[in-house]
Amino acid sequence: MYAIYHADYIIKPWQIFVTLTVINWLCVGATVFFNRYLPYLQQFGLFIVLVGGLVTIIVLATMPKQHSSNAFVWRDWNNLTGWGSGVAFLTGVLNGAFTIGTPDAVTHMAEELPDPKRDLPKAVFAQVGLGTLSTWNFCPRGESVIFKGHTD
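Predicted model, so just to flag it, every value in this text is computed and none were measured.

Caption draft 1: Summary view of the overall build of the protein. When you go through the protein residue by residue, the secondary structure sums to eight helices and zero strands. When the helices and strands of the protein are placed in sequence order, the string is α-α-α-α-α-α-α-α. Sorting the 152 residues of the protein into buried and exposed places 10% on the buried side. Pairs at least 24 residues apart make up 48% of the contacts formed inside the protein by residues separated by at least 6 positions.

Take a look at the structure:
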């Protein structure tokens, strides 16, 4: 963050290493010493993700006077990242995948559920259902390119 506002500052590799080590130790310390508060942090995170998604949908739907076409969003975009188009696209959608999660994350928690035979399918369905619902909300004009193809 400092380098963003100070163009003459050059980040050295050792500084990145020290920063990541400090972040790791802070996470370990929070897990070891504040373990009983982590469920509250998780609930707060869920609230922030859901409210943030809702606010994003409302802002994107109401602010622009004109929305981009499906062709511009999915086919005619100009990739200036230096990566291949497939890698750039998948990197862009990766954040949503980590935000909503995967069924793998829920299944790792199966041993901690009171009744995994009943609760695990509910958890996987809730996760996949929430991901589907949030994805559907972000589709242009409610149209999914999966079902309609890449045409306008």
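Next comes the rest of the description.
Caption draft 2: Spotlight on the pattern of salt bridges. Throughout the structure, instances matching the rule amount to two salt bridges. Where arginine 118 meets aspartate 115, a salt bridge forms, and the shortest distance between an N and an O atom there is 3.2 Å. Overall, the relative accessible area of 44% leaves arginine 118 in the partly exposed class. Taking the shortest distance from any N to any O, the salt bridge between arginine 118 and aspartate 119 comes out at 3.4 Å. By sharing partners, the salt bridges in this structure join Asp115, Arg118 and Asp119 into a single network.

Caption draft 3: A look at the packing of aromatic side chains. In total, this model carries two aromatic pairs according to the counting rule given. Aromatic side chains tyrosine 2 and tyrosine 9 sit 5.2 Å apart centroid to centroid with 90° between the ring planes, which places their arrangement in the edge-to-face category. Judged by centre distance (6.5 Å) and plane angle (45°), the ring pair of phenylalanine 34 and tyrosine 37 falls under tilted. Among the residues examined, phenylalanine 34 registers a relative accessible area of 48% and is labelled partly exposed. When its relative accessible area of 41% is taken as the criterion, tyrosine 37 is described as partly exposed.

Caption draft 4: Local environment of the side chain of aspartate 119. Looking at the element boundaries, aspartate 119 is found in helix H7 (residues 116-138). When residues no more than four places from it in sequence are discounted, the contact partners of aspartate 119 are Leu113 and Pro114.

Caption draft 5: Expanded view of the confidence of the model for the protein. With 84% of its residues at a pLDDT of 70 or more, the protein has an overall mean of 80. Here helix H8 (residues 145-148) stands out as the least confident element of the protein, with mean pLDDT 46; helix H2 (residues 13-33) is the most confident, with 94. Between residues 142-152, whose pLDDT stays under 50, and residues either more than four places distant or in other chains, the model counts 13 contacts.

Caption draft 6: Molecular detail of a nonpolar patch on the surface. The grouping of Leu41, Phe44, Phe47, Ile48, Val51, Val55, Val59 and Met63 at the surface amounts to a nonpolar patch, some 780 Å² of accessible area in total. Mapped onto the fold, valine 51 is located in helix H3 (residues 38-62).

Caption draft 7: Molecular detail of the side chain of glutamine 15. By secondary structure assignment, the location of glutamine 15 is in helix H2. At a separation of 2.9 Å, a polar atom in the side chain of glutamine 15 contacts the side chain of tyrosine 9. Residues in contact with glutamine 15, not counting those within four places in the same chain, are Tyr9 and Ile10.

Caption draft 8: Inspection of the environment of isoleucine 57 at higher detail. Mapped onto the elements of the fold, isoleucine 57 is located in helix H3. For the pair isoleucine 57 and serine 134, spaced 77 residues apart in the sequence, the C-alpha separation amounts to 9.2 Å.

Calculation criteria
Residues numbered from 1 in each chain as written. Predicted model: local features only at pLDDT ≥ 70, side-chain atom pairs only at ≥ 80, totals over all residues. Heavy atoms only, no water. Helix = DSSP H or I, 4+ residues; strand = E, 2+ residues; numbered from the N terminus. Buried < 20%, exposed > 50% of the residue type's maximum accessible area, 1.4 Å probe, protein only. Contact = heavy atoms within 4.5 Å. Salt bridge = Lys/Arg side-chain N within 4 Å of Asp/Glu carboxyl O. Phe/Tyr/Trp six-rings, centres within 6.5 Å; stacked < 30°, edge-to-face > 60°. pLDDT = per-residue confidence, 0-100. Patch = residues over 30% accessible without salt bridge, like charges linked within 9 Å, V, L, I, M, F, W, Y side chains within 5 Å. Areas by Shrake-Rupley, 256 points an atom, 1.4 Å probe, with all protein chains shown as cover. Polar contact = N/O pair within 3.5 Å; in protein donor to acceptor, adjacent residues only side chain to side chain.

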